[in-house]
Amino acid sequence: MKRSLSSLASVAVAAALLAGAAAAQVPAGPKLAVQAITQVAPNLPQYTKVDQPLLRDGIAKATGGRVEVTLSSWPERNVNGPEVLRLVRSGQVDIAAAPLTTVSGDVPVLDGVDLAGMNADIAQARKVADAMVPVANKELERLGIKLVATYPFSGQMLFCRKPVASLADLKGLKVRTNGPSASDLIKSLGGQPVSLAFGEVYTALERGTVDCGITGAGSGNGVEWPEVTTHLYTLPLSWSTSGYFVNLAWWNKLDPAIRTQFEKTLGEVQEAQWKLGVEATNDGIACNVGRAADCKLHTLMKKPMVEAKPEAGVGASLQKHLADEVLPGWIKRCGERCAAVYAEVIAPITGIKYAAK
């Protein structure tokens, strides 16, 4: 018993020394209060399983309490999304996160990272995001903003209140889209894109103002879209690749040791979020369609949705719509330089070429 207690004491001392060594990497100094706004809802796993434990609590622990992050989700601060970059640029918040397509109205090149129909799987979405960060930062730094990490949501799918078994069934339907390239895709498919803030979509679906909405399999579950829809078309149209942005002046003025710790922490956040993107996609589908055994992260729906699986050949069809309508639409918004960006940075990854018309 004495030997066991001695061993336990040794382990405790070692752990304390390791914790002290970690905290000692950030020297003593004045406390730093940080304002951060991330995620479209406070109950999403991207928020509860990553941002809260790693970004909020992790940075405080790693700096020995010197850094205190006040973390909020969008609804808690009455943020709808498109204004995120302006909040960061003005210094009203130090760190903020948003889907790149949502804030691409201010910086159109951001939409090119995850064009609707472009990334068939999340691995490719990650490769494109990694390659595009330096390109995006050339644009963002002119605005006093820096993109410091990327992440996906779950696969962006169609939640519909009408039967949808294929992309052809979208013809004539009103579809809430989650960005400009998704709007181009829906128009190309014969649907009518509708622009609505994320927080307004539930009511629009409930009232029939829109027939379908595009969001993540897990995100839609988190905001209870299955309550007002019946069919889930489980083809990822995109991954809502997102980013953590910082005010560049604030970032550059940070104590170098603290900035280094933020870089380390945000790197951990990035890896955790990309891993979660895979899990949240599969789990979101399972929870929405009533597969209880596979539903671990989200809420199991009492009234399961009908699962509509993608039809054969849909990938080739999506690529054609991408090449014919989505890519030209983005380049029109972004300028001809984005045609060069696509050719040099993105096309080698996707294998899909852009031909100017």
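Here the residue numbers are simple positions, counted from 1 along each chain's written sequence. Per-residue local features are limited, in this predicted model, to residues with pLDDT of at least 70; the limit for side-chain atom pairs, both in listing and counting, is 80 or more; totals at the level of whole chains, interfaces and linings are taken over all residues. Each side-chain value is derived from all of the structure's non-hydrogen atoms; neither hydrogens nor water enter the calculation.

Participant: Could you give me a rundown of helix α9 (residues 256-289), with the residues and numbers involved?
Facilitator: Numbering goes from the N terminus for both helices and strands, where a helix is a DSSP run of H or I of at least four residues and a strand is a run of E of at least two. A helix is expected to span 1.5 Å for every residue after the first. A rise of 1.5 Å per residue sets the reference length of α9, with its 34 residues, at 50 Å; its end C-alpha atoms lie 48 Å apart and thus fit the reference within 8%. With a side-chain oxygen lying 2.8 Å from the backbone nitrogen of alanine 257, the N-terminal cap of α9 falls on aspartate 255. Just downstream of α9 lies glycine 290, where phi reads positive at about 90 degrees. Each polar contact in these results corresponds to two N or O atoms within 3.5 Å; when the atoms are within protein, one needs to be able to donate a hydrogen and the other to accept it, and residues that are neighboring in sequence are counted only if both atoms are side-chain atoms.

Participant: Give me the lowdown on the environment of lysine 303, citing residues and values where you can.
Facilitator: For lysine 303, the position within the fold is in the loop between α9 and β11 (306-308). Linking lysine 303 and glycine 267, residues 36 residues apart in sequence, is a C-alpha distance of 39 Å.

Participant: Give a description of the packing of aromatic side chains that names residues and reports values.
Facilitator: Stacked, edge-to-face and tilted are the three classes for Phe, Tyr and Trp ring pairs, Trp counted by its six-membered ring, which pair at centre distances within 6.5 Å; planes under 30 degrees apart are stacked, over 60 edge-to-face, the rest tilted. Considering all chains together, one arrives at 7 aromatic pairs under this definition. Ring centres 5.5 Å apart and planes at 90 degrees place the aromatic pair phenylalanine 159 and tryptophan 225 in the edge-to-face group. With phenylalanine 159 in strand β5 (residues 156-160) and tryptophan 225 in the loop between α7 (217-222) and β9 (231-238), this residue pair connects regions lying 66 residues apart in the sequence. Residue class for phenylalanine 159 comes out buried when judged on its relative accessible area of 0%. Residue tryptophan 225 is classed as buried on the basis of its relative accessible area, which comes to 1%. Per-residue accessibility, obtained with a 1.4 Å probe over protein chains only, is compared with the maximum for each type, and a residue is labelled buried under 20%, exposed over 50%, and partly exposed between these values.

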